[in-house]
Every structure is written in structure tokens, then in C-alpha cells.
Amino acid sequence: MDGAAAVIIGTAGHIDHGKTTLVHALTGVETDRLKEEKSRGISIELGYAYTRLDHGDILGFIDVPGHERLVHTMAAGASGIDFGLLVVAADDGVMPQTREHLAILSLLGVQHGAVAISKVDRVSQQRLLQVQQDIVNLVQETFLQDAPLFPVSSMAPDMTGITELKDYLGAQAQGLAKRVETGLFRLAIDRVFTLPGHGTVVTGTAHAGTVRVNDGNDLRLMPANLPIRVRNIHAQNQTSQLGLSGQRCALNLGGLDKADVQRGDWIADARCFIPSYHLDVTLNLLDGDHTPVRTWSLLHIHIGSAHYLAHVVPLTQDCLAPGESGKVQLVFDQLVCAISGDRFIARNAQAKQTIGGGVVLDPNAPSRKRRSLQRLAWLDGISAYLTSASLSELLEQANHGLDEASLLRLTALPMSQLVVPAKGLWKGQTGSKAGRTLILSSIWEALGDHALQALQNFHVVAPDEPGLDVSRLRRIVAPTAPLGLWAVLCDELISSGAVQRNGPWLHMPDHSSQLSEAETVLSARLLTILSEAAFDPPWPRDIALVVQQPADDVRLLLRKLVRRGEVFQVVRDLFYHSQQLACLANVLSSLAGTNGVTAAQFRDATGLGRKRTIQILEFFGRIGYTRRLGDTHILRDNSSMFTDLTA
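Throughout what follows, the structure given in this document is the object of discussion. As the structure is a prediction and not an experimental result, all values here were calculated from the model.

**Overview of the overall build of the protein**
Line of reasoning, step 1. In terms of regular secondary structure, the protein is built from 19 helices and 33 strands.
Line of reasoning, step 2. Rg of the C-alpha trace for the protein: 34 Å, well past the compact-globule value of 26 Å for 647 residues, more than 25% over.
Line of reasoning, step 3. Oriented by its inertia axes, the alpha-carbon framework of the protein measures out at about 120 × 55 × 45 Å.
Line of reasoning, step 4. Within the span of the protein, comprising 647 residues, buried residues form 53% of the whole.
Line of reasoning, step 5. The contacts in the protein between residues at least 6 apart in sequence include a share of 65% that link residues at least 24 apart.
Line of reasoning, step 6. Of the side-chain charges in the protein, 59 are positive and 65 negative, and the distance between the mean point of each set is 6 Å.

**Re the pattern of salt bridges**
Line of reasoning, step 1. Across all of its chains, the model carries 18 salt bridges by this definition.
Line of reasoning, step 2. Between Asp552 and Arg555 there is a salt bridge whose closest N-O contact spans 3.2 Å. With a gap of 3 residues between them, Asp552 and Arg555 both fall in helix α15 (residues 551-563), about one helical turn apart.
Line of reasoning, step 3. Under the relative-accessibility criterion, Arg555 is labelled buried at 15%.
Line of reasoning, step 4. One connected set of salt bridges, linked through shared partners, spans Asp280, Asp362 and Arg375.

**Notes on the state of the cysteines**
Line of reasoning, step 1. With the rule as written, the count across this model stands at 0 disulfides.
Line of reasoning, step 2. Free of any disulfide, Cys249 has its nearest cysteine sulfur in Cys272, 15 Å distant.

**Section: the layout of surface pockets**
Line of reasoning, step 1. Space inside the second largest pocket adds up to approximately 940 Å³.
Line of reasoning, step 2. Of all elements in the fold, only β23 (354-362), α7 (373-388), β24 (402-403) and α9 (404-411) reach the threshold of two or more residues within the lining of the second largest pocket.
Line of reasoning, step 3. For the lining of the second largest pocket, the residue count by class is 15 nonpolar, 11 polar and 6 charged.

**A short note on the environment of Pro322**
Line of reasoning, step 1. By the element assignment, Pro322 lies in the loop between β20 (319-320) and β21 (325-336).
Line of reasoning, step 2. Each C-alpha atom of the pair Pro322 and Ala398 lies 33 Å from the other, and the pair is 76 residues apart in sequence.
Line of reasoning, step 3. In this view, Pro322 contacts Leu285, Leu286, Asp287, Gly288, His290 and Pro292; residues no more than four positions away in its chain are not counted.

**Brief notes about the nonpolar core**
Line of reasoning, step 1. Counting residues in each nonpolar core, the largest one holds 50 residues, and the members touching the most others are Phe273, Leu391, Leu473, Val477 and Trp486.
Line of reasoning, step 2. Where this core is concerned, the elements lending two or more residues are β15 (266-269), α7, α8 (392-396), α9, β26 (436-440), α10 (441-461), α11 (470-477) and α12 (483-495).
Line of reasoning, step 3. Per-element accounting of this core gives the leading share, 7 residues, to α10.
Line of reasoning, step 4. Look past the residues within four positions of Leu391 in its chain and what remains in contact with it is Tyr385, Leu407, Leu410, Leu418, Val419, Pro421 and Leu438.
Line of reasoning, step 5. Grouped together as the second largest cluster of nonpolar side chains are 33 residues, Ile62, Val64, Val71 and Val94 included.

**Some words on the pairing of strand β5 (residues 112-118)**
Line of reasoning, step 1. Here β5 lies mainly inside the structure; 6 of its 7 residues are buried.
Line of reasoning, step 2. The parallel pair strand β4 (residues 83-89) and β5, bridged by helix α4 (residues 96-107), forms a crossover whose chirality is right-handed.
Line of reasoning, step 3. Here β5 pairs with strand β6 (residues 149-151) via 3 bridges, running parallel. Residue Ile117 lies in a different strand from β6, and its bridge partner there is Pro151.
Line of reasoning, step 4. Traced from β5 through helix α5 (residues 125-138) to β6, the parallel crossover comes out right-handed.

**Concerning the side chain of His459**
Line of reasoning, step 1. Among the secondary structure elements, His459 is positioned in helix α10.
Line of reasoning, step 2. Among the polar contacts listed, one links the side chain of His459 to the backbone nitrogen of Met508, at a separation of 3.1 Å.
Line of reasoning, step 3. Dropping the residues within four chain positions of it, His459 is found in contact with Pro466, Gly467, His507, Met508 and His511.

**What about the sheet that holds strand β25 (residues 424-428)?**
Consider a sheet: its strands pair through backbone hydrogen bonds, and that pairing is either parallel or antiparallel.
Line of reasoning, step 1. The 3 strands are arranged β24-β26-β25 in an open sheet whose pairing can be described as antiparallel. Looking at strand neighbours, the two that pair on one side only are β24 and β25, the edges of this open sheet.
Line of reasoning, step 2. In this structure, β25 lies alongside β26, joined through 5 bridges in antiparallel fashion. Bridge pairing in β26 places Trp426 opposite Leu438.

Rules and cut-offs
Residues numbered from 1 in each chain as written. Predicted model: local features only at pLDDT ≥ 70, side-chain atom pairs only at ≥ 80, totals over all residues. Heavy atoms only, no water. Helix = DSSP H or I, 4+ residues; strand = E, 2+ residues; numbered from the N terminus. Rg over C-alpha atoms; globule rule 2.2 N^0.38 Å. Buried < 20%, exposed > 50% of the residue type's maximum accessible area, 1.4 Å probe, protein only. Contact = heavy atoms within 4.5 Å. Lys, Arg positive; Asp, Glu negative; His and termini not counted. Charge placed at Lys NZ, Arg CZ, Asp CG, Glu CD. Salt bridge = Lys/Arg side-chain N within 4 Å of Asp/Glu carboxyl O. Disulfide = S-S within 2.5 Å. 1 Å grid on protein atoms, 1.4 Å probe; cavity = no way out; pocket = protein on both sides within 12 Å on 5 of 7 lines; lining within 4 Å. Points joined across faces, edges and corners; volume = space filled by probe spheres on them. Nonpolar A, V, L, I, M, F, W, Y, C, P; charged D, E, K, R; others polar. Core = buried A, V, L, I, M, F, W, Y, C linked by side-chain atoms within 4.5 Å. Right-handed = clockwise from strand over helix to strand, strands pointing away. Pairing = 2+ DSSP bridges. Polar contact = N/O pair within 3.5 Å; in protein donor to acceptor, adjacent residues only side chain to side chain.

What follows is the structure in C-alpha cells.
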């Protein structure tokens, strides 16, 4: 059975009995569970109630505290709801927390709601009319501007207005657009407890996706990244085999202790979050008399059902005054989980006043170069996507495209339902380790042109070198490009004929040497001499004496063999057979491991003299096989240029 949208109850009075009895009148459920709540007449913790509607759906209520000192709890309960019912006590009227609750609902993006005026049996008609007018003035230019007002009394003999309010809520719940259930599942935990014989149970509102009992998907407790298993589900207070986006769910978890969980954590698909200390956001400040937000201002941030402290770094201006909006980076001292488009609430450093809120743009923001023009353009692209659902502007800022994992987190849509821009290209293969990447055709073509130009420039600078291997070309052209995407680009350049491959080397088509019949015969003799010499090849002048050819002709032919990838020129007049140099590379690789190798270690392992050892190590560094760190030579990542030569 599908569940109807959850409803949050806002309140304004210092004493909450009017609100709580209203929920009881609507659902038959007492939401104040704690002894202190009953004795003091105020809601302290979140309360939950459900009622079955005429058409069969279950309508869920979240009864939040109304006291001004418990706004942080109210914000946790407001996360992920569809409909806001603002309750104003007729005897108290509009209170400061009424305004704050309305502002919070607006900042969280709630678009549907109504207003209930409770305790109308306790006031005169004149007082009721005054409260109604105050409310009309309050909700101007908010999502409640055209919402109906329901005068109600749950204590009056005729239960004034209760039936009308319940009917309206039922109709609204049925008419609300159904949540998208195809995204990655995530549930914001707002309560955790244990049940005898069952173990740990968490409750919260499902923000997206679907969860099933014994779900085969990889679910995690985040940000701790602990694997969990869902044993049982209660959705909208009913035993169920699955929980859907928008529903109130209680999940009985296996593999998790109560002590591992706290309010603000998430149960989520493992692909959903990458926990981060930095969020780039749009911050919208409310009008008021609060202090402007400057660099390193401290704010209380409520996101999901969590409450954090964060420092602010403005990105587009020096400070934000009340009523202004701008991009800022929130810097936390603990890991935070969020996705693009999540809304949050900001309260002042004393946690006594809601000063604004906003939308998460990049949940995994960098701590360096955060104000660069390229970075701000990227944030503009995310903002454009969140507004229009079009990826075009964002892809224009993605120099290496967006991979499937990033797109899944950003859009909450399976790739089959993604609307790909007309100029977007999928590169890579589904199911491969690297996966696919969506990239604009113009960027893809420019990346290929850049690679060709870099290769051509290398041939000019090093005409005697056979070319560049895939990894070194990447370091020159696009060092931050994903390895899988770069491999696809190189494969396309090769298959199109724009680039040729000779063993591990990539080179331009015109950078090769054709041998005459006589040169072919002589080259076979030269290669044999170099191969038999192993790690100590003779000089060209000595080879010339053996083959009885002029030394200059031998040098010229050896350089041709270098271009063909059959010989390596380590220094002037020192040529190694490719397979022998590959053997030296393997020796270095086995010695280096992850810590690197010194010249002395390499010398002892190969039996070479110190001068020859240094020459070879410098050659490996020059061609990008290793890098120097002090006296140590360290293998570069993906240094596979000699693999084909030893296969």
C-alpha cells in the first residue's frame, strides 16, 4: 500500500497541549510520549502519528516541538516532508517561533500547506478575527499565501473544524505528485532504539529511492560507512516488504548496534554519498537584525535530520548582509553527507535565531582554489541544472565529462532515464571498471586535438625518441583526466589513424622510419649484437668494426630503429635493445615497490657501474617511467610502457 505524504505540525504557543490534542483528534494517537512532555504540557521530542484515509493510503504526521528553545528538533523533523500544517493557538496568536517555523518550512522548499487556528473555543469572535488577519499578513509571499485557514477545537463538544481539516488533508495527500522512487535510497535518521528480540531500529523519512527487506543493494550507515542489512520494515506504521520515497519508515537493522547510530545519520545506498568536510552552497539570508555573515563566521547548520557547526567562507563577495544571497563554502569539523539540491537551515552562532538557509551545490567541494573562476563557473553549472534539470550548462564546465557515479548522485535517476543533451556523448562501456562518462562533443574533440598537438610537439623536441606512452601523454595533456576516459580517447585516436602505436609508444603517422632491404639485413645484425650484450651494449663505433660498416651509417640506422621502437637511446651513442631495457625496467620495478629505489640498490642488483647506473636511471626519469624524490627513484602510477616488450 502506498503511503501518503508526511505532514509536519508547526506550532506557536508556549504550551503545546492544543497542538498535541489536535493531532490526537485527527489520528487518535497521543504523540507526547515522555513523562516530562505530559507533565509540562509541551512537546520536547518528535512525535509520530498515522491515520488511514478513505482511499486506503496512510497519512503520516510528524509532531514537532513548538518551543523557541527546541527549534533544532523542529528542523530535524521538518526534513523531507511534503506538506506543512502551521498550527497557531487562538489565545496566543502569532508568536516569534511561528515566524521562525514558517521561515524554516519556506527555506526547506515546502510548497504545500495549510494553517490551523487551534483553541478557538477559548476566544471571542473578535479575537479570532484578529488572529486570522495576523496570519494573513504573516503568510504573504510565502507558500501559505493562498492556503486555507481552519479554525479548530479538539476540546469543543462538536470538535469544531476537525472533520473539515482531516478531509482537506486527505484530499491534499491524494493530490500531491508521487515521489520519484527510482533514485538511490536514502533515509535521514531521526530516532534510534532497540526492541527485545529484534535489535536496532531506526526511524526517519525516506528522501529518495526504495528499500526492501533483505535488499540486495549495498546499504550503509553514513557517514560511518558501516554495512547494514534491513531485516524488517514498517512503512507508514504498517508492516511492509518495502519502503518508498516520502514515507515514514522504521527499519530493523542487522549488523549494527544502537551505539553506532545517532540522529542525523543516514541509511543510504553505498553509491549515494561521499562524506566531506566542505560543502559549496547557495546561502539565502533572511531579512532581520542579525549580524552579517563574513569569512569564518560560525553558524549552526541543519541538514537532513542532522545538526552541525560550520564556518563560512564567502565565495563571491566579502560578506552577506541580511536579505542577501550568495555562494559560500561551509567548512565542518566532522564529515557531512549531502547531495546536490539538498536544502539546509542556518542559525546564528548562539543557536537562538534562524538567519537563513539554502541549497547544496557541490557536496564534495575542494578546500583550495575554491574562489577560482573555473570553480565558480562549475557551481553556476550545478545551479543551472538544479533549476532547469538540463545538464548542458554543467557539462560545458566539465573538462573531463561526468561519470555515471557522479551523474547518479547528482540526478538521482538511472542512466536509462537521463535526458542527454543533443551534443552529449557517452564514452566508455557500461559494466566496465571505469564505467561510462558523459561529455560534450566539443570538449571531446578539443581533448583529442590537444593530445595530437602534444604528440607533435614531442616529436619536434625529441626526434630520436619513438614517441610517448599512454600514461606520459596523459600527464602532459590532461593529468587529472580519469584513466578510463583517457584510454578510450587514445583508442579512438589509434583506430581513426590519427595516431599510430608501436609497442607501448604512441606516435604521429609520419614519425616512423622505413628500412631499405639492405638496412633490414643490417638491422638484424645490430639487434642481435645489442641483445647478446645484455646490460652492457657496445658503442656504435665498436659495432661498426664488427659489422664492417661506417660508424656514421651504424648510428643513422640505430636512430631509425629507435623511431621503430626496437632500440632505446639512453644517452648519445649508447643504445639498448628494447627487450634488454625492459628487463632493466623490471629489475627497477621489483626493487622499487611502493617506496622507490636508490642508485646504489639498482647498481648492486644489475652489476652495472655507477656511471652507467645513473645514465639509465636518468633515462627512466626522462621518459616518465619514474620520478625523483630526493635520492630515491619512484615508479609513476600506471607505468606500463615496458609491459608489451616483456610479454
